[in-house]
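Here is how the chains run, residue by residue.
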Amino acid sequence: MGLFRIAVGLLFACHGAASLFGVLGGAMGGGTVPAGTWPGWYAAVIQLGAGGLVLLGLGTRSAAFLASGSMAYAYFKVHQPESLFPLQNGGETAALFAWAFVLLVFTGPGALALDGLFRGRVGAGATASRTDEEREEQATPVTA
């Protein structure tokens, strides 16, 4: 799941960087989105910020939730009025990003996430590395 999160976050952040800074081909074939314009500039800020957070694995669930909502808005407001199906209305990318981020909301960051550095790592990985003696020392005896 970690590699999936990294790939999706990187691709999403690249969309934002292209729109905000004109890199990687720029916004819609060249140039940048004018600052403060609705909804393009705000979408690009969300893409860059949320994509970067998802890429790094920081606040993944919250960033993915915001990104998913952003892409759902893009699909239903921009693409869906043109036609019902994503293949016909050019909304494949928005639909795929929206569902990919929904998946990340529910699965979490997975491996290689920086969230793990800021949390106490008391999970399956931490308990598996303990010896039998350490487990017995921490076990609470049951009395009748």
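That block above? That's the structure.
The rules behind these values
Residues numbered from 1 in each chain as written. Predicted model: local features only at pLDDT ≥ 70, side-chain atom pairs only at ≥ 80, totals over all residues. Heavy atoms only, no water. Core = buried A, V, L, I, M, F, W, Y, C linked by side-chain atoms within 4.5 Å. Buried < 20%, exposed > 50% of the residue type's maximum accessible area, 1.4 Å probe, protein only. Helix = DSSP H or I, 4+ residues; strand = E, 2+ residues; numbered from the N terminus. Contact = heavy atoms within 4.5 Å. Expected span 1.5 Å × (residues − 1). Axes fitted to C-alpha atoms, helices over the stretch in contact; angles between N-to-C directions. Parallel < 35°, antiparallel > 145°, perpendicular 65-115°, else oblique. Left-handed = near helix turned anticlockwise from the far one by under 90°. Phe/Tyr/Trp six-rings, centres within 6.5 Å; stacked < 30°, edge-to-face > 60°.

(A) Region of the structure containing the nonpolar core. In terms of nonpolar packing, the biggest core is built from 18 residues, with Met71 and Phe101 touching the most fellow members. Of all the secondary structure elements, the ones that give two or more residues to this core are helix H1 (2-21), helix H2 (40-56), helix H3 (60-79) and helix H5 (92-107). Broken down by element, the residue count for this core peaks at 8 residues, all from H5. Each residue touching Phe101, except ones within four places of it in the same chain, is listed here: Val8, Phe12, Val54, Ala64, Ala67 and Ser68.

(B) Structural context of H1. Taking 1.5 Å of rise per residue, 20 residues should cover 28 Å, and H1 covers 28 Å from first to last C-alpha, within 8% of that figure. When H1 is considered as a whole, its buried residues turn out to be Gly2, Arg5, Val8, Gly9, Phe12, Ala13, Gly16, Ala17, Ala18, Ser19 and Leu20. Looking at the buried side of H1, the elements it contacts are H2, H3 and H5. Downstream of H1 by a residue or two, Gly22 has a phi angle that is positive, lying close to 75°.

(C) Up close: the environment of Gly57. Relative to the helices and strands, Gly57 resides in the loop between H2 and H3. Among all residues touching Gly57, those that are not within four sequence positions of it are Arg5, Ala113, Leu114 and Asp115.

(D) Broad picture of the packing of H1 against H2. Contact pair H1 / H2: the axes reach a minimum separation of 7 Å and the direction vectors enclose 150°. Put simply, H1 runs roughly antiparallel to H2. Here the hand of the crossing between H1 and H2 comes out left-handed. From H1, Arg5, Ile6, Gly9, Leu10, Phe12, Ala13, His15, Gly16, Ala17, Ser19, Leu20 and Phe21 reach across to H2, where they touch Trp41, Ala44, Val45, Ile46, Gln47, Leu48, Gly51, Gly52, Val54, Leu55 and Leu56.

(E) A look at the packing of aromatic side chains. Tallied over the entire structure, the rule returns 7 aromatic pairs. An angle of 50° between the planes, with centres 5.6 Å apart, marks the rings of Trp38 and Tyr42 as tilted. Among the residues examined, Tyr42 registers a relative accessible area of 37% and is labelled partly exposed. Following the ring pairs from residue to residue traces out a cluster consisting of Trp38, Trp41, Tyr42 and Tyr73.

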